[in-house]
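So you can see what is in the structure, the chains are spelled out below.
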Amino acid sequence: VPPKATVNLTASISVPLDALPGGHYAGILYQSGGSPANLGTGVGAGTGVNQIVGTLAYITVAGPITENAFLKQFKTPGFSEYGPVEFTTEILNQSDIHIAPQGQVTVRDMLGKNVKVLPLEQVNIFPQASRIYENIWDVQYLIGRYRADLEVVYGEHGGAITGTIFFWVFPWKIVSIALLAIIIIILLIVLTIKKIRRR
């Protein structure tokens, strides 16, 4: 390959007759100059540096394919004094192919009003693997009980995953100081009124 140039290569992959239906992955490796890389054979050991790059190929073998995904966890701290509020979602892919779930976390207040929608990052999940998603509701001052609903769709046949959690956010230190200040003010007013009446 000349400097700062591009070369197109074609690779042919023969699928064995006994290959199971579903998704399969292959790595195509390229080595610059010299003889082909003897990866994993123990041959060609010695000193020196050999640059190798690769391309990941995804192949789907036709046949009956299972599409199943499950919610392993959907959580957030049950009680927080302040925000931000972090949501953790883990989805397990038990399909024969990779999936790219699409979904969101919808946060509702005590009155059922939608206050925030947090979309999940759209990434692939390999078969028999799980993916953890992190969503942050970046707001500091909140008060009350909230509900978070997870809604996810995946696969070519419209698989769905749902989850619901409840959590509290209550700035108890600020509220306690405010209540104490109010009580002190009320006591001062009562004492002042009593003194005035005595006079």
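Refer to the structure presented above.
Predicted model only: the values in this text are computed from it and were never measured.

Caption draft 1: Spatial organisation of the pattern of salt bridges. Scanning the model with the defined rule gives three salt bridges in all. The shortest N-O distance in the salt bridge between Glu90 and Lys72 comes to 3.7 Å. You can see Glu90 sitting in strand E5 (residues 85-93) and its partner Lys72 sitting in strand E3 (residues 69-75), a full 18 residues away along the chain. What emerges from the salt-bridge pattern is a single network uniting Arg108, Arg147 and Asp149.

Caption draft 2: Main features of the side chain of Asn93. Tracing the sequence through the fold places Asn93 in strand E5. At 2.7 Å, the side chain of Asn93 forms a polar contact with the side chain of Ser95. A distance of 3.1 Å separates a polar atom in the side chain of Asn93 from the backbone oxygen of Ile97. Sequence-distant contacts of Asn93, that is, excluding residues within four places in its chain, are made with Asn68, His98, Ile99, Ile125, Phe126, Pro127, Gln128 and Ala129.

Caption draft 3: Highlighting the environment of Val123. One can find Val123 in the loop between strand E7 (114-119) and strand E8 (129-137). C-alpha of Val123 to C-alpha of Ile99: the two residues are 24 residues apart in sequence and 8.3 Å apart in space. With residues near it in sequence (within four places) discarded, Val123 still touches Ile99, Ala100, Pro101, Arg131 and Tyr133.

Caption draft 4: Local environment of the sheet that holds E5. What the three strands build is an open sheet, ordered E3-E5-E8; its pairing is antiparallel. The sheet terminates laterally at E3 and E8, the two strands that pair on one side only. For this sheet the average axis-to-axis angle between neighbouring strands, irrespective of direction, equals 20 degrees. Here E5 pairs with E8 via nine bridges, running antiparallel. Paired with Val85 across the bridge in E8 is Trp137.

About the criteria used
Residues numbered from 1 in each chain as written. Predicted model: local features only at pLDDT ≥ 70, side-chain atom pairs only at ≥ 80, totals over all residues. Heavy atoms only, no water. Salt bridge = Lys/Arg side-chain N within 4 Å of Asp/Glu carboxyl O. Helix = DSSP H or I, 4+ residues; strand = E, 2+ residues; numbered from the N terminus. Polar contact = N/O pair within 3.5 Å; in protein donor to acceptor, adjacent residues only side chain to side chain. Contact = heavy atoms within 4.5 Å. Pairing = 2+ DSSP bridges. Axes fitted to C-alpha atoms, helices over the stretch in contact; angles between N-to-C directions.

Functional significance is not addressed by these values, which are geometric in nature.
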